[in-house]
Amino acid sequence: MAKVELKQPVVDEISEQIKDAQSVVLVDYRGLTVAQDTQMRKQLREAGCTYKVYKNTMMKRAFAGTDCEQLSDLLEGTNAIAISKDDASAPARIITKIAKDAPSLEIKAGIVEGSFYDAAGMKTIASVPSREELLSRLLGSLQSPITNFARVLKQIADKGTDSAAEEAAPAAE
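In what follows, the accompanying structure is described. (Residues numbered from 1 in each chain as written. Predicted model: local features only at pLDDT ≥ 70, side-chain atom pairs only at ≥ 80, totals over all residues. Heavy atoms only, no water.)

1. So, the packing of helix H2 (residues 34–46) against helix H4 (residues 90–101)
Axis angle and axis distance: for two packed helices, these are the angle between their axes and the distance between the axes, and together they describe the pair.
Next, step 1: Look at H2 against H4: their axes get within 10 Å of each other, and the N-to-C directions meet at 155°. In terms of their interaxial angle, H2 and H4 are classed as roughly antiparallel. Seen from above, H2 lies across H4 with right-handed handedness. Every residue of H4 that contacts H2 at Gln-36, Gln-39, Met-40, Gln-43 and Leu-44 is listed here: Pro-91, Ile-94, Ile-95, Lys-97, Ile-98 and Asp-101.
Next, step 2: Considered class by class, the residues forming the contact of H2 with H4 number six nonpolar, three polar and two charged. (Axes fitted to C-alpha atoms, helices over the stretch in contact; angles between N-to-C directions. Helix = DSSP H or I, 4+ residues; strand = E, 2+ residues; numbered from the N terminus. Parallel < 35°, antiparallel > 145°, perpendicular 65-115°, else oblique. Left-handed = near helix turned anticlockwise from the far one by under 90°. Contact = heavy atoms within 4.5 Å. Nonpolar A, V, L, I, M, F, W, Y, C, P; charged D, E, K, R; others polar.)

Okay, here's the thing in structure tokens:
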């Protein structure tokens, strides 16, 4: 069996994962301890992200002809990719959070919704809250004026019943 036949399933696996991905983040994981790596993998898995280490040549072949092709120039040294099909900012956000405790962990670049971002751009994307958090903020913003309006109406209604009770009391005397 030729070496190409053994490598093709790995290339196909990478291609399948990046095909419909919202974001693909290229990470230099050199210097991570086993505990830090395990913690990062667990958090990425909980967020619905895939994190895997592949050979650079396999990633280059899988990236050819896709949006991720721009990442091929950065494939030197120890690399891993974090892929998210749902939340575009999740991999960058989680990796940046872990990198605070592990300064050797570094985001090299990434592709978010078809656009290439360098390391600085990925840090900016990492600061974007999750979709659920943004929706809850929006809901809170929409709900706040309605709640305040209802509170004012209740105060007016309470004040109206208090003044009606005061008017009724002197009439009885």
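The rest of the description comes next.
2. Let's talk about the sheet that holds strand E5 (residues 115–118)
Next, step 1: Spatial ordering of the open sheet is given by E2-E3-E1-E4-E5, a layout of five strands whose pairing is antiparallel. The sheet is open, and its two edges are formed by strand E2 (49–53) and E5, each paired on a single side. Within the sheet, the average angular offset between the axes of one strand and its neighbour, ignoring direction, is 20°.
Next, step 2: Both strand E1 (residues 23–28) and strand E4 (residues 106–112) contribute to a ladder of six bridges, which runs antiparallel. Within E4, the residue paired with Val-25 across the bridge is Gly-110.
Next, step 3: Relative to strand E3 (residues 80–84), helix H1 (residues 3–19) is tilted by about 40°, and along the sheet it contacts E1, E2 and E3.
Next, step 4: Against the sheet, H4 makes contact with E1, E2, E3 and E4, and its axis sits at roughly 25° relative to E1, the strand it touches most. (Pairing = 2+ DSSP bridges.)

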